[in-house]
2 protein chains.
Amino acid sequence: MSGTNTGVPSVLAHDLPRPVPPDELAACPVGDVFRRVGDKWSMLLVILLGTRPHRYNELHRAVEGISQRMLTRTLRGLEADGLVWREVHPTVPPGVEYGLTPLGRSLLEPLSALADWAVRHEAELNKVRRTAPNRSG
Amino acid sequence: MSGTNTGVPSVLAHDLPRPVPPDELAACPVGDVFRRVGDKWSMLLVILLGTRPHRYNELHRAVEGISQRMLTRTLRGLEADGLVWREVHPTVPPGVEYGLTPLGRSLLEPLSALADWAVRHEAELNKVRRTAPNRSG
DNA sequence: CAGGATCCGAGCGGATACTG
DNA sequence: CAGTATCCGCTCGGATCCTG
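- The name recorded for chain A in an unreviewed UniProt entry is Transcriptional regulator, from Prauserella flavalba.

## So, the overall build of chain A
Then step 1. Assigned secondary structure in chain A consists of 7 helices and 3 strands.
Then step 2. Along chain A, from the amino end to the carboxyl end, the secondary structure elements read α-α-α-β-α-α-β-β-α-α.
Then step 3. Partitioning the contacts of chain A with sequence separation of at least 6, the portion at a separation of at least 24 is 40%.

## Here we look at the sheet that holds strand β1 (residues 54-55) of chain B
Residues and elements named next belong to chain B.
Then step 1. Read from one edge of the open sheet, 3 strands run β1-β3-β2, paired in antiparallel fashion. Both outer strands of the open sheet, β1 and β2 (84-89), are each paired with one neighbouring strand and no more.
Then step 2. Where β1 lies against strand β3 (residues 95-100), 2 bridges are found, and the strand directions are antiparallel. When the sheet's bridge partners are listed, Arg-55 is paired in β3 with Glu-97.
Then step 3. In the packing of helix α3 (residues 42-51) onto the sheet, the strands contacted are β1, β2 and β3, and the crossing angle to β3 comes to about 100 degrees.

## Focus: the protein's contact with DNA strand D
Then step 1. Around DNA strand D lies a shell of 22 residues, among which Arg55(A), Arg86(A), Tyr98(A), Lys40(B) and Arg69(B) are the nearest.
Then step 2. Interatomic distance of 3.1 Å between a backbone N/O atom of Asn57(A) and a phosphate oxygen of DNA strand D.
Then step 3. At 3.3 Å, a backbone N or O of Pro94(A) approaches a sugar or linking oxygen of DNA strand D.
Then step 4. Sorting the residues of the surface near DNA strand D by element identifies α4 (56-63), α5 (68-80) and β3 (95-100) of chain A together with α5 (68-80) of chain B as the ones contributing at least two each.
Then step 5. Partitioned by chemical class, the residues of the surface near DNA strand D number 8 nonpolar, 7 polar and 7 charged.

## Some details on the protein's contact with DNA strand C
Then step 1. Taken together, 21 residues form the shell around DNA strand C, and within it Met70(A), Arg55(B), Asn57(B), Arg86(B) and Tyr98(B) come nearest.
Then step 2. Sugar and phosphate atoms represent 59% of those atoms of DNA strand C found within 4 Å of the protein.
Then step 3. Arg76(B) is positioned with one of its side-chain polar atoms (N or O) 3.0 Å from a phosphate oxygen of DNA strand C.
Then step 4. Note that a phosphate oxygen of DNA strand C is positioned 3.4 Å from one of the backbone N or O atoms of Val96(B).
Then step 5. If you list the elements that add at least two residues to the surface near DNA strand C, you get α5 of chain A together with α4 (56-63), α5 and β3 of chain B.
Then step 6. Its residues assigned to classes, the surface near DNA strand C shows 8 nonpolar, 6 polar and 7 charged.

Rules used throughout
Residues numbered from 1 in each chain as written. Chains lettered and ligands numbered in written order. Predicted model: local features only at pLDDT ≥ 70, side-chain atom pairs only at ≥ 80, totals over all residues. Heavy atoms only, no water. Helix = DSSP H or I, 4+ residues; strand = E, 2+ residues; numbered from the N terminus. Contact = heavy atoms within 4.5 Å. Pairing = 2+ DSSP bridges. Axes fitted to C-alpha atoms, helices over the stretch in contact; angles between N-to-C directions. Near = heavy atom within 4 Å. Polar contact = N/O pair within 3.5 Å; in protein donor to acceptor, adjacent residues only side chain to side chain. Nonpolar A, V, L, I, M, F, W, Y, C, P; charged D, E, K, R; others polar.

And the structure:
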């Protein structure tokens, strides 16, 4: 997709003749978006909600490792970004459903590319991790 | 790319007949990879290094906003993951170059998809942000 | 030039207890 | 069931000073 020009100034000209404008890169919204969906749980929830709408506790069980606090916070954040919708059914006991908005579903595609990369190179990453001396400063 | 099966169990079966195994999702390495390259600067550096190798201060100026500490730490992390190589030229004053490994360059592709999405939907995200009442708990 | 060392505030994120 | 409220440790990440 690096070859398809959409009219928007592409941030990734690595295989294009253009020698890249660094200012354009530094000011690009890539960082912002990553700060929003790049946290510990957001993309996991987006991926999970991408399969079908889920109830609150359904998500809680599915991710299993996330705390109630973080699940709520993350869902609220995704909702505020317009990536996730929230529907309350006024029943007893109450039922709340979460799902992806069209915007969220559009995010699912590039996210899937990254997820696929992660799965494919998982072993490779872990191997290098152990090999390299971890002298973190 | 959601339709292409690579032999690896796909985490994203949202448009596939398979109703998704949630255990597989929770245990998938997507979260791990995001924890590694999903921080504030990693993907920005990967994108920047994807254009051509850079010197240390060159990166420092290009990103401009990153501190020395974080630049070094992030580069070390990417190096430990095998995404970035580091080459020291024993000159005076010393010159250190950073660049993408083949693994890092392979990451550039899915990253570009996400970056493109970010650029395309930047306005949309910001609009929703202001519209929605921010009741974060 | 390319970092290392140290200090520090801010926020993430988990645990627990409580509620409509 | 679907949250809210509070406490708390931990890490992220910036600022500053120092070095080979």
